[in-house]
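# Structural overview
Spelled out, the chains give:
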Amino acid sequence: MSRLSIVSPDRAAETVETLLQDMERRIRANQPGICPVDLAASFLRVCHAQSCGKCTPCRVGLGKLEALLDGVLKGEASPSAPDLIEQTARSIFESADCAIGQEAARMALKCVAGFREDLESHIRYGRCLAVQNQPVPCVALCPAHVDIPGYVSLIKDGRYADAVNLIRKDNPLPVTCGLICEHPCEERCRRTLVDAPINIRGLKRFACEQEGEIPAPKRAAPTGKKVAVVGGGPSGLTAAYYLSVMGHDVTVYEQRKQLGGMLRYGIPSYRLPREALDREIEGMKKAGFKTVCGVSVGRDISVKSLHNDFDAVYIAIGAHTDRKIGIPGEDAKGVVSAVDMLRAIGDGEFPDYAGKRVVVIGGGNVAMDVARSAVRLGAERVTVAYRRRKSDMTALPEEVEGAVADGCEILELHAPVSITKDADGKVAGIVLQPQIVGPVKWGRPAPENADCDPFTFACDLVLVAVGQSIDSGAFGEYGIPLKRGSIAALESGAVKDFDGVFSGGDCVTGPATVIRAIAGGKTAAANIDEYLGFKHEITTDITLPPVRFDDHAPMGRVNMTERPAAERSRDFALMEHCMTAEEAHRESSRCLSCDHFGYGCFKGGRENKW
């Protein structure tokens, strides 16, 4: 008999591996609003199945936790069940031998802390508090609640203009979002259960590319009401568009030379071409709102005068102020904020970085934007210094990969300590302290100083991209409530104790995504309209194609392609290719029509008006 042998997985083991992969996809596709108690009980059963059975806390204790949660789901538990679940889980966590039992118990403790009210509701009434008021995952996760299955089906049918018009019912910036949206709608796409989520952003861009001239929207009869919108970014423009469609007289006040906000002054043209942005803004202005650029509210015109002269005011000033690192030498010549750099590029002023050695401080999407822009401006070397690991960056993975492909170096686990100057006060280098990964805090490993000395990294320019803040001082002086610099608005957009004043976008939420800013503008428009004494409805009369039944066969996802890195890194032209008609037809055919089938049909499937 051989001392050793090669053990090959049997058929059962291979099948279990495929089942685990299926389970991973199912978890990723978990829809919003699902019963948290039922889901927790299911996870607990999986954890119990993984137990080796060696230690009693894991083998017996997890079974007891299962029984307790099953009792809650069946309505057979006593009012003290949540406390008993917490005590049992804590006992398992503190005494189990390995991570299988410990982490299962930790999950149970999270459940009691996170949705105790749902446990109690199940015990008292036989149901949880979760409300599945939006059964279509992509629509639920789109902040603006765009009818995604509807426009995907129209693209499949070749009705591209109808598809874009359907998008504009809820989002007046489809061209922009087709190019740069972070597509949260894809995160829980039910197609993930079959293979991979639908490329929703790519399909939106394709439809917009086929649209032609942007049509003027139908306007309601004039109401005689005047609304001032402060800020010409995505949130302000969205509110102005819908309020104008509702018949109100709207004036947009923009501080900078041109409209667009961070779309123009924060996103490089290789991602969002200026001609595409200008075309979309001109299309939006067909709704009839007026614009005044180069005017700063609080300096050129007072907040009080707007409040007195208009029937309602919507504040959407964005987050355009840079943040400092707070290290010695930050005042050196050659230290440039990402906000200032991108703002200059937005106005068509391109600095010359030829032969410069550039260091970018930060790890978000803005850091990637300025790093990739520096390459296009001729920099000899671009290095992104980040105090955490590359995998901990808040930038989208595709943005990080794109920056590396463009020639940027990612120097992870290095924290800036100070900036050194030469005799003329110019940047000579940046002192970096190597870091080591530490305990997890707030969901990410917190870096700590490694046991080694800091060193000087030679460079000529330092681009600071550590976040943006909000210049809300003038509004605070008027008495509008602020919270850590942000305007304190309610979920409706209304500002408490200020009659007729509303706010939304980044100045309320902090720096966020474009689609969230659009959602803030849409919400404010509806509530301003109601405040003014009206109840206009934004509707569409587009008839959707009949539902198909041939969409379940597994099929690969169509991903967007880009120009070669060696070519795109030399200019600011659009780097991403659009789908072809064949690709768009193939990709749109993968949609499972969640608005029609299953619970989607039961709940009505879509929001035809708002």
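Residues numbered from 1 in each chain as written. Predicted model: local features only at pLDDT ≥ 70, side-chain atom pairs only at ≥ 80, totals over all residues. Heavy atoms only, no water.

### Describing the overall build of the protein chain
- What the protein chain contains, in helices and strands, is 23 helices and 18 strands.
- A globule of 610 residues ought to have a C-alpha radius of gyration of about 25 Å, and the protein chain, at 27 Å, matches this closely.
- Along the first, second and third principal axes, the C-alpha set of the protein chain runs to 80 × 65 × 55 Å.
- Taking contacts inside the protein chain between residues at least 6 apart in sequence as the whole, the part at least 24 apart equals 72%.
- Put simply, the protein chain shows about 28700 Å² of open surface, and 51% of that area lies on carbon and sulfur atoms.
- Of the charged side chains in the protein chain, 74 are positive and 80 negative, and the gap between their average positions amounts to 1 Å. (Helix = DSSP H or I, 4+ residues; strand = E, 2+ residues; numbered from the N terminus. Rg over C-alpha atoms; globule rule 2.2 N^0.38 Å. Contact = heavy atoms within 4.5 Å. Areas by Shrake-Rupley, 256 points an atom, 1.4 Å probe, with all protein chains shown as cover. Lys, Arg positive; Asp, Glu negative; His and termini not counted. Charge placed at Lys NZ, Arg CZ, Asp CG, Glu CD.)

### Digging into the sheet that holds strand β14 (residues 461–464)
- The strand order across the open sheet formed by five strands is β6-β14-β7-β8-β9, and the pairing between neighbours is parallel. Only two strands of the sheet have a single partner each, and these edge strands are β6 (335–337) and β9 (409–412). Pairwise comparison of adjacent strand axes, ignoring direction, gives a mean angle of 25° for this sheet.
- Contacting β6 and β14, helix α15 (residues 338–346) crosses the sheet at an angle of about 70° to β6.
- Against the sheet, helix α16 (residues 365–376) engages β7 (357–361), β8 (381–386) and β14, with an angle of about 165° to β8. (Pairing = 2+ DSSP bridges. Axes fitted to C-alpha atoms, helices over the stretch in contact; angles between N-to-C directions.)

### Some details on helix α4 (residues 81–95)
- The terminal C-alpha atoms of α4, which comprises 15 residues, lie 21 Å apart, in line with the 21 Å expected from a rise of 1.5 Å per residue.
- When α4 is considered as a whole, its buried residues turn out to be Ala81, Pro82, Ile85, Thr88, Ala89 and Ile92. Down the axis, α4 shows its buried residues gathered within 130° of arc, on one side only. Facing away from the buried side of α4 by more than 90 degrees, the exposed set consists of Gln87 and Glu94.
- The elements touched by buried residues of α4 are α3 (56–74) and α5 (99–125). (Expected span 1.5 Å × (residues − 1). Buried < 20%, exposed > 50% of the residue type's maximum accessible area, 1.4 Å probe, protein only. Arc of directions from axis to C-beta.)

### Examining the environment of Phe206
- Mapped onto the elements, Phe206 comes out in helix α10 (residues 200–209).
- For Phe206 and Ile123, which are 83 residues apart along the polypeptide, the C-alpha to C-alpha distance reads 50 Å.
- When residues no more than four places from it in sequence are discounted, the contact partners of Phe206 are Ile155, Tyr160, Cys578, Met579, Thr580, Ala581 and Ala584.

### What to know about α10
- Of all the ten residues making up α10, nine are buried; the element is thus mostly covered by neighbouring parts of the structure.
- Of the residues making up α10, those classed as buried are Ile200, Arg201, Gly202, Leu203, Lys204, Arg205, Phe206, Ala207 and Cys208.
- Those residues of α10 hidden inside the fold are in contact with α6 (137–141), α7 (148–156), α8 (160–168), α9 (174–180) and α22 (581–588).
- At the N-terminal end of α10, a side-chain oxygen is found 2.9 Å from the backbone nitrogen of Gly202, two or three residues along, and the residue is Asn199. (Polar contact = N/O pair within 3.5 Å; in protein donor to acceptor, adjacent residues only side chain to side chain.)

### Some points on the domain arrangement of the protein chain
- Annotation of the protein chain at the domain level lists domain 1 (34–125), domain 2 (137–213 + 543–595), domain 3 (226–320 + 470–531) and domain 4 (322–467).
- Using only C-alpha atoms to locate each centre, domain 3 and domain 4 end up separated by 31 Å.
- With eleven residues of domain 3 at the interface, the matching set in domain 4 holds 13 residues.
- Interface area for domain 3 against domain 4, summed over the two sides, is near 1200 Å², with a carbon-plus-sulfur share of 46%.
- By the criterion of area lost to domain 4, the three top residues of domain 3 are Tyr265, Tyr270 and His320, representing 45% of everything that side buries.
- Where domain 3 packs against domain 4, one counts two salt bridges.
- Across the salt bridge formed by Asp369 and Arg271, the nearest N and O atoms sit 3.1 Å from each other.
- Linking domain 3 with domain 4 are four residue pairs in polar contact (both at pLDDT 80 or more), by the criterion used here.
- Here the residues of the side of domain 3 that touches domain 4 sort into three nonpolar, three polar and five charged. (Domains from an automatic or database assignment. Buried area = accessible area lost by both parts, 1.4 Å probe. Salt bridge = Lys/Arg side-chain N within 4 Å of Asp/Glu carboxyl O. Nonpolar A, V, L, I, M, F, W, Y, C, P; charged D, E, K, R; others polar.)

### Quick look at unusual backbone geometry
- Positive phi values are uncommon outside glycine, yet Leu413 reaches one of about 55°.
- Turning to its location among the elements, Leu413 is positioned in the loop between β9 and β10 (414–421).
- Backbone geometry at Trp442 places phi at a positive 55°, although glycine is not the residue there.
- Following the sequence through the fold, Trp442 ends up in the loop between β11 (427–441) and β12 (444–449).
- Assessed through its relative accessible area of 89%, Trp442 is described here as exposed.

### Regarding the side chain of His414
- Topologically, His414 is positioned in strand β10.
- Overall, His414 belongs to the buried group, its relative accessible area being 14%.
- Excluding anything up to four places from it in sequence, His414 contacts Ala385, Tyr386, Arg387, Leu432, Gln433, Pro434, Gln435 and Phe455.

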